[in-house]
Amino acid sequence: MDYWPYPPAEADRIDPFDSERTETQYVLFGGHRPTSAFTDPAGFRDPDLHRSIPWGYKILRMAQKVAVLRHGDVVREWPVLHRDPRVDPVDPPAGETLYLDNWRRNVCGYRVLTSPASMTAPDDAYDRAAAVALARTASRTEGRALVVYMHDAENWH
């Protein structure tokens, strides 16, 4: 099986490489294995999530789909909606001292997938343009590529 069986209802599962649906979509990663995409971000906090992604020695990462590419062309893009300033300090809160969460910063950022089992990252995992350029190249070879933005992570054991 390529994907973790989440969301629980098959009717709610969206192919992560789908470019037809326009609404914001999310993906969970248990280790390096993704779930299907889904549209309700409440899925990140599903109390029964461990039934679909068993606890074990892995990292659970929460991601949002950012772009789907086919044969070098971007066919669908979405704006990044979830940013944690402790992980990706784009706009640090005014007047606050910002403490980076280095562990999360190291496991989050942009990732490029050409299949459920093939994931890579640009040299700067927080450079969207570099991630899209990497996906453009990968999609010319593989036919398709998905760019996700991993915005949060937790130990999953």
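Reading guide: rules and limits
- Residues numbered from 1 in each chain as written.
- Predicted model: local features only at pLDDT ≥ 70, side-chain atom pairs only at ≥ 80, totals over all residues.
- Heavy atoms only, no water.
- Salt bridge = Lys/Arg side-chain N within 4 Å of Asp/Glu carboxyl O.
- Helix = DSSP H or I, 4+ residues; strand = E, 2+ residues; numbered from the N terminus.
- Buried < 20%, exposed > 50% of the residue type's maximum accessible area, 1.4 Å probe, protein only.
- Core = buried A, V, L, I, M, F, W, Y, C linked by side-chain atoms within 4.5 Å.
- Pairing = 2+ DSSP bridges.

## A short note on the pattern of salt bridges
Step number 1: This structure, assessed with the given rule, holds six salt bridges.
Step number 2: Between Glu77 and Arg128 there is a salt bridge, with its nearest N and O atoms 3.2 Å apart. Highlighted residues: Glu77 in strand β4 (residues 73-77) and Arg128 in helix α3 (residues 128-142), separated in sequence by 51 residues.
Step number 3: Note on Glu77: relative accessible area 45%, which makes it partly exposed.
Step number 4: In this structure, a network of salt bridges that share partners links the residues Arg45, Arg104, Asp152 and Glu154.

## As for the nonpolar core
Step number 1: Grouped together as the largest cluster of nonpolar side chains are 31 residues, with contacts concentrated most on Phe29, Cys108, Tyr110, Val147 and Val148.
Step number 2: If you list the elements that add at least two residues to this core, you get β1 (26-30), β3 (59-70), β5 (109-115), α3 and β7 (144-155).
Step number 3: With seven residues, the single largest contributor to this core is β7.
Step number 4: In this structure, Phe44, Ile53, Leu60 and Trp156 belong to the second largest nonpolar core, which totals eleven residues.

## A short note on the pairing of β4
Step number 1: As paired elements, β3 and β4 share four bridges and run antiparallel to each other. Within β4, the position partnered with Arg70 by the bridge is Asp73.

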